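# Structural features, examined
The chain contents come next:
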Amino acid sequence: MRPAMELAELLGEAEALTIVCHNNPDPDCLASALALGRIAGHVGIDERRILYSGEISHQQNRSFVNVLDMDLREFDPDVVRDRPSTELLAFVDHSLPGANNRVPEDVPVDIVIDHHPADDVEGRFVDHREHVGATATILTEYVRDLDIELDPKVATALLFAIRRETLGFLRGTTPDEHGAAGFLTDRADSSLLRTLASPSVSGATIDAIGDAIENRTVKGSVLISHVGRTSERDALPQAADYLATLEGVETAIVFGIVDDSIHLSARSTDSRIHVGDALSDAFADVGSAGGHREMAGGEVPLGIFADYTTDDAVLVSIVEQVITARLLAELNIAEE
């Protein structure tokens, strides 16, 4: 039986669906949640909610929510605990309770649809495809298989998510993404698509990207940089995307201090490096990190770093030295 049919059967037994996005959800997560809600409505579930935790701070993500008029609610653990058997809990674009989400680890998940690397994924329905380029690709397949008529808003959301997740079909793209895009293009609103692709950028984001450019260090084909302390968490992947285009650079890693954590974002086109494994191996003992061969991220609590000094400049210097040293050691690059 096709996955879409299995999903529809499970949804058909329920009266309510709670979809939980991962922390700081991006277009792939948001569009997938929107599409899953549409599928649930198609099989007769009237009570549907989409929850998120963290912040929607990236200007493109904020634009996505506002322009598409998404009804999002902040995550409340009481909503997912002790729920009735007729209410299903779904994850899209993430897989494990407590990993990049605030769902308690002991809460069972009914539906998991994801394309990120993960082990021991459990659920009554699990569609975990690490080989595809976007979770939105999987949801598009479901919509096609179930012969659901898409309104332009959902079609635009899915198409934009696939384009964004694959950097315009240049990163981690498979034939599935091209097939999904072909299906969605005639159903999407081209004007809405252009609006989503051109959001305004905050001054703080530009400043953070500027700091990453100024602080860059290049060793061979590897670029490592930091933005110091910033309130713009989502400036890190934007800076990594930009710096990865520098001539001669095949791997770009950018980190910075956001609130009480060190955040990292990495991009690579080097076939010798699995950047997700590299970040995981470098920081597994002190935080959480991982991702795909070409795109990855991580978070390390400041912890003991913050105990050394109350001077922010000194703290940034210490963090820079330690994080850079770990990255160079993992990538087997000698420090000068």
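Anything mentioned here points back to the structure above.
Described in the following lines is the structure provided in the data block. No experiment lies behind these values; they were computed from the predicted model shown.

## Brief notes about empty space enclosed by the protein
- Overall, the coordinates contain one cavity of 30 Å³ or more when judged by the stated rule.
- Approximately 50 Å³ is the volume found for the largest cavity.
- Together, H226, G228, F255, G256, I257, I262, V316, V319 and E320 line the largest cavity.
- When contributions to the lining of the largest cavity are tallied by element, the ones reaching two or more residues are β8 (222–229), β9 (251–258) and α13 (312–330).

## Looking at the sheet that holds strand β11 (residues 288–291)
- As summarised here, the arrangement of the six strands in space is β7-β8-β9-β10-β12-β11, forming an open sheet in which the pairing is mixed. Of all the strands in the sheet, the pair left with one neighbour each is β7 (217–219) and β11. Going across the sheet, the axis of each strand differs from the next one's by a mean of 15 degrees, ignoring polarity.
- Pairing of β8 with β9 involves six bridges; the strand directions are parallel. Considered in β9, the bridge of V222 is made with T251.

## Some points on unusual backbone geometry
- The phi dihedral of D147 is positive, around 55 degrees, even though this residue is not glycine.
- Within the secondary structure, D147 sits in the loop between α5 (135–145) and α6 (152–165).
- Of the residues examined, D147 reaches a relative accessible area of 67% and is grouped as exposed.
- Of note in the backbone geometry, L167 takes a positive phi value of approximately 50 degrees without being a glycine.
- The residue L167 is located in the loop between α6 and α7 (175–185) in this model.

## Details of the layout of surface pockets
- Of the pockets and cavities examined, the second largest pocket occupies roughly 310 Å³.
- L34, G37, R48, I50 and D71 are, among the 15 residues lining the second largest pocket, the residues nearest its centre.
- Elements represented by at least two residues in the lining of the second largest pocket include exactly α2 (27–42), β2 (47–52) and α6.
- Top contributing element to the lining of the second largest pocket by residue count: α2, with four residues.

## Looking at the packing of α6 against α7
- Where α6 meets α7, the closest approach of the two axes is 9 Å, and the angle between their N-to-C directions is 150 degrees. With respect to α7, the element α6 is oriented roughly antiparallel. Handedness of the crossing formed by α6 with α7: left-handed. For the pair formed by α6 and α7, the contact residues are A155, L158, L159 and I162 on the first element and E177, A180, A181, L184 and T185 on the second.
- Its residues assigned to classes, the contact of α6 with α7 shows seven nonpolar, one polar and one charged.

Basis of the calculations
- Residues numbered from 1 in each chain as written.
- Predicted model: local features only at pLDDT ≥ 70, side-chain atom pairs only at ≥ 80, totals over all residues.
- Heavy atoms only, no water.
- 1 Å grid on protein atoms, 1.4 Å probe; cavity = no way out; pocket = protein on both sides within 12 Å on 5 of 7 lines; lining within 4 Å.
- Points joined across faces, edges and corners; volume = space filled by probe spheres on them.
- Helix = DSSP H or I, 4+ residues; strand = E, 2+ residues; numbered from the N terminus.
- Pairing = 2+ DSSP bridges.
- Axes fitted to C-alpha atoms, helices over the stretch in contact; angles between N-to-C directions.
- Buried < 20%, exposed > 50% of the residue type's maximum accessible area, 1.4 Å probe, protein only.
- Parallel < 35°, antiparallel > 145°, perpendicular 65-115°, else oblique.
- Left-handed = near helix turned anticlockwise from the far one by under 90°.
- Contact = heavy atoms within 4.5 Å.
- Nonpolar A, V, L, I, M, F, W, Y, C, P; charged D, E, K, R; others polar.

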